[in-house]
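Structure at a glance
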Amino acid sequence: ADLGEEMSMRRVILGMCLVAMVASTAAAQEGKHVALGIGLTEHSYTDSAFSQKNPGLSFIYRLRLHTKTKDGWGWEPTAGLGWFTADTQMPIGTFSTHLGRVRSRPFMGGVSRSYRQGPMAIGYSVQGGPSFNHFSPDNAAIQAAYSAQPVLGTLATYSVKTSTSFALKPEAGIYYDLGKRFALHGSLSYMYNKPTAATTVNGTVTSTKWNSKNAAM
């Protein structure tokens, strides 16, 4: 990895930034089981073949079994619904080529353990579930890579199908309630997701595990 990628990963590993959780009046006020909001997220992939535009908007939520909270340790259910799109850059022959974009939609559930003291809660969670993945090829870039390298032959057909995979997401986070309608939230997470990509070139199929694991904060 180059220096920029190393610095980006270091920021993700060492840093935890607080972003505003802009919640609706009905969902975020005290006495409710669910809080909803939006935030800013930065992703860093372990494999340089994948990348996302940073920072990006993300959906933030909080689930509570009990409407009345108390100080101390507690368990809560947690669920996740994601929608991530990553640019994919891989070699065709000797050319590094923008193959297209892979979209991942993980549906996950799990448990969280947190400690609350007054308006602040800090804890960790583990979620897992299926990730539905779809790849959209950049046909113009792929065709250009083949045209510039006659040794590869003529490209007649090209397609990539990505499988449904298992996603696992450990996360640590902090909430600080500012009142009935607003809170600050910061988190650091790691998404494990390795779909199988079946690439068909002129009728010949090859399968590869794509390492789309990434850290986010």
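Residues numbered from 1 in each chain as written. Predicted model: local features only at pLDDT ≥ 70, side-chain atom pairs only at ≥ 80, totals over all residues. Heavy atoms only, no water.

So, about a nonpolar patch on the surface. A contiguous nonpolar surface patch, about 680 Å² in accessible area, is contributed by W73, W75, V111, Y115, I122 and Y124. If you list the elements that add at least two residues to the nonpolar patch, you get β6 (72-81), β8 (95-117) and β9 (120-137). Topologically, Y124 is positioned in strand β9. Here Y124 falls in the partly exposed class, since its relative accessible area comes to 46%. (Patch = residues over 30% accessible without salt bridge, like charges linked within 9 Å, V, L, I, M, F, W, Y side chains within 5 Å. Areas by Shrake-Rupley, 256 points an atom, 1.4 Å probe, with all protein chains shown as cover. Salt bridge = Lys/Arg side-chain N within 4 Å of Asp/Glu carboxyl O. Helix = DSSP H or I, 4+ residues; strand = E, 2+ residues; numbered from the N terminus. Buried < 20%, exposed > 50% of the residue type's maximum accessible area, 1.4 Å probe, protein only.)

For the rest of this paragraph, the subject is the pattern of salt bridges. Counted under the stated rule, the structure contains two salt bridges. Here K169 ties to E171 by a salt bridge, and the two come within 3.8 Å at their closest N and O atoms. For the pair K169 and E171, one class covers both residues: buried.

Relative to the assigned elements, G74 resides in strand β6. Distance in space between the C-alpha atoms of G74 and Y115 is 6.5 Å, their sequence separation being 41 residues. Apart from the residues lying within four places of it in its own chain, the contact partners of G74 are S112, R113 and S114. (Contact = heavy atoms within 4.5 Å.)

The next point concerns the pairing of β9. In this structure, β8 lies alongside β9, joined through 16 bridges in antiparallel fashion. Looking across to β9, one finds that V102 is bridged to F135. (Pairing = 2+ DSSP bridges.)

Grouped together as the largest cluster of nonpolar side chains are 17 residues, with contacts concentrated most on F50, L99, I142 and W210. Among the secondary structure elements, those contributing two or more residues to this core are β7 (84-92), β8, α3 (139-147) and β10 (158-162). In this structure L99 touches T88, M90, I92, F135, S136, P137, D138, I142 and Y158, once residues within four positions along its chain are discounted. (Core = buried A, V, L, I, M, F, W, Y, C linked by side-chain atoms within 4.5 Å.)

Residues of α3 that are buried: I142, A145 and Y146. Along α3, the residues classed as buried sweep out an arc of 95° about the axis, all on the same side. The exposed residues of α3 that point more than 90 degrees off its buried face are A140 and S147. Contacts made by the buried residues of α3 are with β7, β8, β9, β10 and β13 (196-201). (Arc of directions from axis to C-beta.)

A word on the sheet that holds strand β14 (residues 204-209). Strand order in the open sheet formed by three strands is β10-β13-β14, and the pairing between neighbours is antiparallel. Edge strands, defined here as strands with exactly one partner in the open sheet, are β10 and β14. Direction aside, the axes of adjacent strands within the sheet are offset by 20° on average. Across five bridges, the pairing between β10 and β13 is antiparallel. Looking at the pairing, K161 lines up with A198 of β13. (Axes fitted to C-alpha atoms, helices over the stretch in contact; angles between N-to-C directions.)

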